[in-house]
Structures are given as structure tokens and as C-alpha cells.
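Summary of structural features
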Amino acid sequence: MPRPRIIFFIAAGIVALVLLILAGFVRPVRETFRSALVPFARVTGSIGYGIGRFLHIDPDARTANERADELDARLRAISVDYVRLRALEEENRSLRAQANFLANSGFRTVGSRVISRMVRDDAAAVTIDRGAKDGVEVGQAVVTDEGLFVGKIISLGERTAVVLLVSDTQSRIASAVAGTNRLAGVVEGRGSGTARFTLIPQSVELKRDDVVVTAGTEDKIPPNLTIGLVNDVQSLPTDPFKTASIEPLAPLDRLDLVSVVVPE
Amino acid sequence: MWPRRILIILLGLFVGLCDATIVTWLGGSLSAMHLALPLVIILSAFSSLERALSAAIAAGLVMDALQPSFGFVTLRLLIVAGVIRAAAQTYVTNRSFAGSAALGIIGLALDAMVLWGVTWIRGWSSVPFVREMPVPVVPGVIWMLVVMTATFVVFAAFTRRFMPLVSRR
């Protein structure tokens, strides 16, 4: 049996630690410690990414093929829509903005690597190896190399930052339907890699395979970052708003390299 | 004794780094294969409280620093180390297979309870945070049983820890 004195010291140490953390005194120490760990975390994070990809080879090839066929069909349908959209001037502007979304927006990107993750059930967040010293701020958007919206920064260290992914149940993003350049609703995370487009006025035209983008009404998130595709729309005539389920286009379950969108 | 202490601390740092980075990439049931908690339980049950606490602090600080979620890992591991040590010396023997397995399960359950507690307390704050999800129950229990069994078998086979005290008189 441990001596009562030892137990007392352990309990006192724990209480002191909690108080120091709550008072914020631990932050400088934690930041220094975290900065020292980042180089090692980059290496082990890359190893983990490799192992994760190796282990996630879908054992059910038939399911994977069916899924690929379904996505192909959707892609073809979207391609047709894309051609139609090009014919319209307003949508054409929007598509140009999407294709080159950072060119004239006053934003640039800071490349970063995911070093730790918590992607399970309702929670979806990652730690990246860029922080305040790299110009990153809370609320900024994080995108993939293709410019697909991943999530936004919710907490910050000197050399690291935490990104809340779009599928996390706490995530809320002001969104629009591509080509409209108008706030249409809010994309809320639903967990397990899915999201929901809510608070859409009945007057907004929305159908399956429409592209949902960021609205640009949030301070640090530029407009026209692609969030996902509409899967299905639910609308009751008696409701003032309609909702839609969204399939995020960014591969949220296998993010490795991402970019933070920061002001120029 | 210091070289051994340093080794334990380095082992704790390494295990924490693996838990915070590599293990987070494993999906499904494999995500239950954490290393820090079993390490702390094994050190606490079969070695000494001092070593268990050293490993708990080293591994916990790394995980708290790197993980995106708020889980107070250091606090949880310290509590588990203390309780498992007390249990191993009083109510549950660490000298039997069943006792070792029970200590592992107690540690796992305690960790989940403390995680639930700190998440609940943290929920009172208005500052948003990422909740740490508990490990899946069945894979978590199986993983812990495998680790504790393997450790017990290794100790029994390669050390004199569990040999009866006999002597020629």
C-alpha cells in the first residue's frame, strides 16, 4: 500500500497542476515543449499516415467498385451542369473564382502537415504544424491542395494549430450555393464525415449535386471555397427553411498536407 | 537508478509521441491500440509507483501538447497510476493472470470515467474545445487483455517474479 504521504503529494501535485493550467501559467512551458516536439511529430505523423493508408485498403472491393461507379455517374452529371453554368456570366465568374480562388482575393496559403488527429464519431479535428509564428490566426480557413474547404482554425499555439473539420458536430460555416454569390445558409457538421446545409430560405433553388461553397461573410474565410455536394434536399411547405445533406469533397479521413488561407 | 529513470522517461515520451501521432491514423477497432495507458498500468502494477508516475507525466505531456482534443491526458494517467498501484497492493493481486487482467480493465474503466468527468467539467466553459472520444469499448478491452496477458506471460517466463519462495534447509 503506498504511504499516505506519497498519496498526499500526488494529490497536491495534481491539484497544483490543474490550477496552474487553468490560470494559464503553463502556457509558455507548453508552447516551448510543443515547439520542441513538432519536428519529431512530423516524422511520426508521416509514418502514421503511411500506416493508416496501408491499413485502409478497402477489403470489400465490390463495395469500393460500386461506390466508384456511383461517383463516376455523379461526376458526369456535374460535368454537364458545369458546361451549362459556363454559359451564364455570373456563374462563370464564380467558377473562375473557384478555379483561381486566391488570385485576386487578397489571401495566400501557408502549407502545413497534419501531425495529430481526432477523427472519430462526432469529433473531427486535426493538429497542424503551423501556428501563430507562421501568421496563422483563429478563424482562418484550411483547404486541401485543390482548394477544397477542410475546416477552420479553432485554437492556436506558437508552432501548432488545431483545425476543426467541417464534419465535427460543433462546426458551423456560413455557406452559399456555387454561382449565386449570396449567403444561403449554414453548413453544420453531423459527425462521421458528413455535414448538413441548414437554414436555407425556401426561395433558394437547391437540388442534388449542387456545389456548396463558403459564403465569404465570415471575417477570415474567403468566398467560393468548395465545401461539398448536395446529396438530397428536405423541404416541407410549412417550414420557413429547408435543409440538405452535404457530402464534403475534401478527404477528411485521410488529410496529410493542408494549407491555411491567411490574408496577404 | 538514474539511467533507468531516464530510460523510463524517454520510453514515456516515445510512447506518448506514438499515441498522439501514429495511433491516431489507425481507424476503426485499431484506434483502441493505445500504448501510454497500458505502459502506465504495467509499470504501476508490476514495477514501482515512481516509474509509473514518470512515464505518465512524460507520455501525458506529449499527448496533451500534440493532440487536437482536450483530454487532460496527464491528469488521467497520473490518477490511473496511483489507483492501480493501490489496487495492486490491496484488493487485486498482480501475481495471477486473472489479477493482471483485472488491473488492466480497472485502469481502462478509470481512464474512461476520468475522461468523462474532465469533459463534463470543461463543458461548463464557453470556450469551444474538441472533445476527446473514448476508445471503443470492446476493442479497448481486448487490446488491454492482450497487453496485460502478454506482459504477465513474459514476466512469468523470463523473470523470477512469480516463483514460489522455496529454500533448502
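Residues numbered from 1 in each chain as written. Chains lettered and ligands numbered in written order. Predicted model: local features only at pLDDT ≥ 70, side-chain atom pairs only at ≥ 80, totals over all residues. Heavy atoms only, no water.

**Thoughts on the overall build of chain B**
Counting secondary structure elements, chain B contains six helices and zero strands. For chain B, the succession of helices and strands along the chain, N to C, is α-α-α-α-α-α. In terms of its C-alpha atoms, chain B occupies a principal-axis envelope of roughly 70 × 35 × 30 Å. Here chain B, with 169 residues, has 51% of them falling under the buried criterion. Long-range contacts, defined here as pairs at least 24 residues apart, represent 69% of the contacts in chain B between residues at least 6 apart. Accessible area of chain B: about 8,300 Å², with a carbon and sulfur share of 73%. (Helix = DSSP H or I, 4+ residues; strand = E, 2+ residues; numbered from the N terminus. Buried < 20%, exposed > 50% of the residue type's maximum accessible area, 1.4 Å probe, protein only. Contact = heavy atoms within 4.5 Å. Areas by Shrake-Rupley, 256 points an atom, 1.4 Å probe, with all protein chains shown as cover.)

**Here's the deal with a nonpolar patch on the surface**
Taken together, the side chains of Val43, Ile47, Ile51, Phe54 and Leu55 of chain A together with Leu30 of chain B present a nonpolar region at the surface, about 530 Å² in accessible area. Here Phe54 of chain A shows up in helix α2 (residues 27-55). (Patch = residues over 30% accessible without salt bridge, like charges linked within 9 Å, V, L, I, M, F, W, Y side chains within 5 Å. Salt bridge = Lys/Arg side-chain N within 4 Å of Asp/Glu carboxyl O.)

**Observations concerning the sheet that holds strand β6 (residues 172-177) of chain A**
Read around the closed barrel, six strands run β6-β7-β8-β11-β10-β9 (chain A), paired in antiparallel fashion. Each strand of the sheet is rotated relative to its neighbour by a mean of 45 degrees, with strand direction disregarded. (Pairing = 2+ DSSP bridges. Axes fitted to C-alpha atoms, helices over the stretch in contact; angles between N-to-C directions.)

**Regarding unusual backbone geometry**
All names here are of chain A. Backbone geometry places Ser192, a non-glycine residue, at a positive phi of 50 degrees. Looking at where Ser192 falls in the secondary structure, it is placed in the loop between β7 (183-191) and β8 (194-201). Here Ser192 falls in the exposed class, since its relative accessible area comes to 62%. At Asn224, a position not held by glycine, the phi torsion is positive, near 65 degrees. Relative to the assigned elements, Asn224 resides in the loop between β9 (211-214) and β10 (226-234).

**Examining helix α3 (residues 49-66) of chain B**
Over its 18 residues, α3 of chain B runs 26 Å from end to end, which matches the ideal 26 Å to within 8%, given 1.5 Å per residue. Of all 18 residues that make up α3 of chain B, 13 are buried, and the element is covered over most of its length. (Expected span 1.5 Å × (residues − 1).)

**Regarding the packing of aromatic side chains**
Residue and element names in this part refer to chain B. According to the stated counting rule, one finds four aromatic pairs over all chains in the structure shown. Each ring, one from Trp116 and one from Trp120, has its centre 6.5 Å from the other, and the planes form 10 degrees; the classification is stacked. Note that Trp116 and Trp120 are positioned in helix α5 (residues 97-122) at a spacing of four residues, about one turn of the helix. Residue Trp116 is classed as exposed on the basis of its relative accessible area, which comes to 61%. Ring centres 5.7 Å apart and planes at 85 degrees place the aromatic pair Trp120 and Trp124 in the edge-to-face group. (Phe/Tyr/Trp six-rings, centres within 6.5 Å; stacked < 30°, edge-to-face > 60°.)

**Some words on the pairing of strand β12 (residues 257-263) of chain A**
All names here are of chain A. Burial runs high along β12: five of the seven residues are buried. Pairing analysis gives seven bridges linking strand β1 (residues 107-120) to β12, with the strands arranged antiparallel. Opposite Gly111, over in β12, you have Ser259 as the bridge partner. Looking at chain direction, strand β3 (residues 141-143) and β12 are connected through three bridges and run antiparallel. By the bridge assignment, Ala141 is partnered in β12 with Val261.

**A few points about the side chain of Ser245 of chain A**
Residues and elements named next belong to chain A. On the secondary structure map, Ser245 appears in strand β11 (residues 241-248). Among the polar contacts listed, one links the side chain of Ser245 to the side chain of Asp232, at a separation of 2.4 Å. Ignoring sequence-local partners within four residues, the contact set of Ser245 consists of Ala195, Arg196, Leu229, Val230, Asn231, Asp232 and Gln234. (Polar contact = N/O pair within 3.5 Å; in protein donor to acceptor, adjacent residues only side chain to side chain.)

**Describing the interface of chain A and chain B**
Each side of the interface is counted separately: chain A has 42 residues, and chain B has 40 residues. Counting each side, the surface lost to burial between chain A and chain B is near 3,300 Å², with a carbon and sulfur contribution of 74%. If you look at where chain A meets chain B, you find zero salt bridges. For the pair chain A and chain B, the interface holds six residue pairs in polar contact (both at pLDDT 80 or more). If you list the elements that add at least two residues to the side of chain A that touches chain B, you get α1 (4-23), α2, β1, β2 (123-128) and β5 (161-165) of chain A. Broken down by element, the residue count for the side of chain A that touches chain B peaks at 13 residues, all from α2 of chain A. (Buried area = accessible area lost by both parts, 1.4 Å probe.)

**Some points on the packing of helix α4 (residues 73-89) of chain B against α5 of chain B**
Residues and elements named next belong to chain B. Here α4 crosses α5 at 145 degrees, and the two axes come no closer than 9 Å. Once α4 is placed against α5, the crossing between them reads as right-handed. Residues Leu75, Arg76, Ile79, Val80, Val83, Ile84, Ala87 and Ala88 of α4 pack against Leu103, Ile106, Gly107, Leu110, Asp111, Val114, Leu115 and Val118 of α5. For the contact of α4 with α5, a count of residues per class yields 13 nonpolar, one polar and two charged. (Left-handed = near helix turned anticlockwise from the far one by under 90°. Nonpolar A, V, L, I, M, F, W, Y, C, P; charged D, E, K, R; others polar.)

By themselves, these are just geometric observations and shouldn't be taken as functional.
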